[in-house]
Amino acid sequence: MNIAVCLKQVPHPDYLSKIIYDPTTNRLQRAGVPLIINPVDKNAIETGIQLKEKYSGKIIVITMGPPQAKESLEEALAMGADEAILLCDPAFAGSDTYATAFTLASALKKIGLCDLILCGNETLDSGTSQVGPQIAAFLDIPHVTNVKAINYPEDGLLLVERSLENGYMRIKVRLPALLTVTKEINKPRIPSAIGIMQVAGKPFNTWRLAELNLSPLEVGLAGSPTQTVQIPETEQRHAGDILQGDVTKVVKTAVAKLHELKMI
Ligand SMILES: Cc1cc2nc3c(=O)[nH]c(=O)nc-3n(C[C@H](O)[C@H](O)[C@H](O)COP(=O)(O)OP(=O)(O)OC[C@H]3O[C@@H](n4cnc5c(N)ncnc54)[C@H](O)[C@@H]3O)c2cc1C
C-alpha cells in the first residue's frame, strides 16, 4: 500500500502569544517561535507506518512550508517514513486553504496517485479542517474525515470508524482515498536512535513552483480566493485572584476588592 502523509509545521503551543499580527500586511509574523509537527499529523504518520508494517508499501511525507519545515519532515523520516518532499517557494507565501490544497494536490499528482492519503483532522494554528477534503476534491477521490480507527483493507476497500459527537459511524471507502485522522487513532511513536541515523540515507526532495509546473497566478496569495481583511484583537481576560485561608479574612478581602472595583 503506497501512502502519502501531509503534515504541517506549526508554532509550538507554548509560544502562541509570541506570534505578532502585522496590521499593514494582515499577516502573522512567526519569526523566532519554535516550530513542531502539528500534533495530530504525527498520528497520521503513525497510522501510515502501522499500515505499512501490516501490509507493506512505502510512505511519502509531504509538506508545503518555509525552508525550516525540512526539520519536521526529517522527524517524520526518523519515525519511519521512507521519503520526504518539501514544497517550498516564495510564490507559495500567503496561500489560503484552497491554494494550499491545490499545491499539495499538484505535488501528489506528480508523485503518482497513492492508494491512501492521510492528513490530520485539523491544525493547531489555523484549524480550518478544510485542507484534507479540498485535496481530495482536487484529486477527485473519496474522503472520510475524523477517522479514529482503520480496521482492514479488503479488496480495495478500507473499513474505517469516523468519530461523531456521541459515537461513531463505520464507513467503507474505496481506495484510492483520503482520510483525516483524529488523536484517538493511535499513540505516535518516538523516533528511535536507529531511525534518526537512517534519515540521512532516505530520499529528500524540495520542489519549487517550476517542478510543479504551475503558474505563479495559481498559488500563494495570487491563487487564494480568500483574503484576510483584518484581524481585530479581542479583549484579553487575565486569570482571577484566588483567596485562601481564614474564611472571615477571605470574605473581608473579597468585599473590599469588590468595593474597589465599584462592583458593589
Ligand atoms: C487569505 C489567507 C492568507 C494566508 N496567508 C498565510 C501566510 O502568509 N502564511 C501562513 O503560514 N499561513 C497563511 N494562511 C493560513 C494558511 O492558509 C493555512 O495555514 C493553511 O492553508 C492550512 O490551513 P489549516 O491550518 O486550517 O489546515 P487544516 O485544514 O486545519 O489542516 C488539516 C490537515 O491538512 C494538512 N495540511 C494543512 N496544511 C498543510 C501544509 N501546509 N502542508 C502539508 N499538509 C498540510 C495536515 O495534515 C493538517 O493536519 C493564510 C490563510 C488565508 C485564508
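A brief structural summary.

Reading the values: the criteria
Residues numbered from 1 in each chain as written. Predicted model: local features only at pLDDT ≥ 70, side-chain atom pairs only at ≥ 80, totals over all residues. Heavy atoms only, no water. Helix = DSSP H or I, 4+ residues; strand = E, 2+ residues; numbered from the N terminus. Contact = heavy atoms within 4.5 Å. Areas by Shrake-Rupley, 256 points an atom, 1.4 Å probe, with all protein chains shown as cover. Lys, Arg positive; Asp, Glu negative; His and termini not counted. Charge placed at Lys NZ, Arg CZ, Asp CG, Glu CD. Disulfide = S-S within 2.5 Å. Buried < 20%, exposed > 50% of the residue type's maximum accessible area, 1.4 Å probe, protein only. Axes fitted to C-alpha atoms, helices over the stretch in contact; angles between N-to-C directions. Parallel < 35°, antiparallel > 145°, perpendicular 65-115°, else oblique. Left-handed = near helix turned anticlockwise from the far one by under 90°. Nonpolar A, V, L, I, M, F, W, Y, C, P; charged D, E, K, R; others polar. Near = heavy atom within 4 Å. Polar contact = N/O pair within 3.5 Å; in protein donor to acceptor, adjacent residues only side chain to side chain. Pairing = 2+ DSSP bridges. Patch = residues over 30% accessible without salt bridge, like charges linked within 9 Å, V, L, I, M, F, W, Y side chains within 5 Å. Salt bridge = Lys/Arg side-chain N within 4 Å of Asp/Glu carboxyl O. Core = buried A, V, L, I, M, F, W, Y, C linked by side-chain atoms within 4.5 Å.

The subject of this paragraph is the overall build of the protein chain. Counting secondary structure elements, the protein chain contains 7 helices and 13 strands. Of the contacts made within the protein chain by residues no fewer than 6 positions apart, 71% connect residues no fewer than 24 positions apart. Surface exposure of the protein chain reaches about 15,100 Å², of which carbon and sulfur atoms provide 54%. With 26 positive and 28 negative side-chain charges, the protein chain shows a separation of 3 Å between the mean positions of the two kinds.

Looking now at the state of the cysteines. Defined simply, a disulfide is a covalent bond joining two cysteines at their sulfur atoms. Summed over the entire model, instances satisfying the criterion amount to 0 disulfides. With no disulfide partner, C119 has as its closest neighbouring cysteine sulfur the one in C6, 4.1 Å distant. A relative accessible area of 4% means that C119 is categorised as buried.

With that settled, the discussion passes to the packing of helix α3 (residues 97–111) against helix α4 (residues 131–139). At a closest axis distance of 8 Å, the pairing of α3 and α4 adopts a crossing angle of 50°. As far as their axial angle goes, α4 and α3 are oblique. The way α3 lies across α4 gives a crossing that is right-handed. For the pair α3 and α4, contact is made by T97, Y98, T100, A101, F102, L104, A105, L108 and K109 and by V131, Q134, I135, F138 and L139, respectively. Residues belonging to the contact of α3 with α4 are distributed by class as follows: 10 nonpolar, 3 polar and 1 charged.

Further remarks concern the site of the ligand. Looking at the ligand, there are 30 residues lining it, with K8, R30, D41, T123 and T128 nearest. Between T63 and the ligand, the recorded distance is 3.5 Å, taken from a side-chain N or O atom to a nitrogen atom. Separating an oxygen atom of the ligand from a backbone N or O atom of S129 is a distance of 2.9 Å. Isolated, the ligand exposes 950 Å² of accessible area, and the fraction of that covered by the protein chains is 85%. Looking at the shell around the ligand, the elements that each hand over two or more residues are β6 (58–64), α3 and β8 (116–120). Residue composition of the shell around the ligand, grouped by class: 7 nonpolar, 16 polar and 7 charged.

Another aspect to go through is the sheet that holds β6. Here 9 strands make up an open sheet; going across it, the order is β11-β10-β9-β12-β8-β1-β6-β7-β13 and the pairing mixed. Only two strands of the sheet have a single partner each, and these edge strands are β11 (167–174) and β13 (204–207). If you compare each strand with its neighbour and ignore which way they point, the axes differ by 30° on average. Two strands pair when backbone bridges link them, and strand β1 (residues 2–6) and β6 are joined in this way by 5 bridges, in the parallel orientation. Across the sheet, residue I3 finds its bridge partner in β6, namely I59. Lying over the sheet, helix α1 (residues 39–55) contacts β1, β6, β8, β9 (143–154) and β12 (177–181), oriented at roughly 150° with respect to β8.

Our focus in this paragraph is the packing of α1 against helix α2 (residues 70–79). Contact geometry for α1 and α2: axes closest at 10 Å, N-to-C directions at 35°. α1 and α2 meet at a crossing whose hand is right-handed. From α1, K42, I45, E46 and I49 reach across to α2, where they touch E75, A76 and M79. Looking at the contact of α1 with α2 residue by residue, the classes come out as 4 nonpolar, no polar and 3 charged.

So, about a nonpolar patch on the surface. Among the surface-exposed residues, V247, V251, V255, L258, L261, M263 and I264 lie close enough to one another that they form a single nonpolar patch of about 650 Å² accessible area. Relative to the helices and strands, V251 resides in helix α7 (residues 247–260).

Residues V61 and L179 are the most contacted members of the largest nonpolar core, which totals 34 residues. In terms of residue count, the dominant contributor to this core is α2 (5 residues). Setting aside residues no more than four positions away along its own chain, V61 makes contact with V5, L7, L73, A76, L77, A81, E83, A84 and I85. If you look at the next biggest cluster of nonpolar residues, it comprises 27 residues, including I60, I85, I117 and L209.

On the secondary structure map, N43 appears in helix α1. By relative accessible area, N43 is classed as buried at 2%. Within the structure, the side chain of N43 is placed 3.3 Å from the backbone oxygen of K183, a separation counted as a polar contact. In terms of polar contacts, N43 uses its side chain to reach the backbone carbonyl oxygen of N186, at 2.9 Å. Apart from the residues within four sequence positions on either side, N43 is in contact with V181, T182, K183, I185, N186 and P188.

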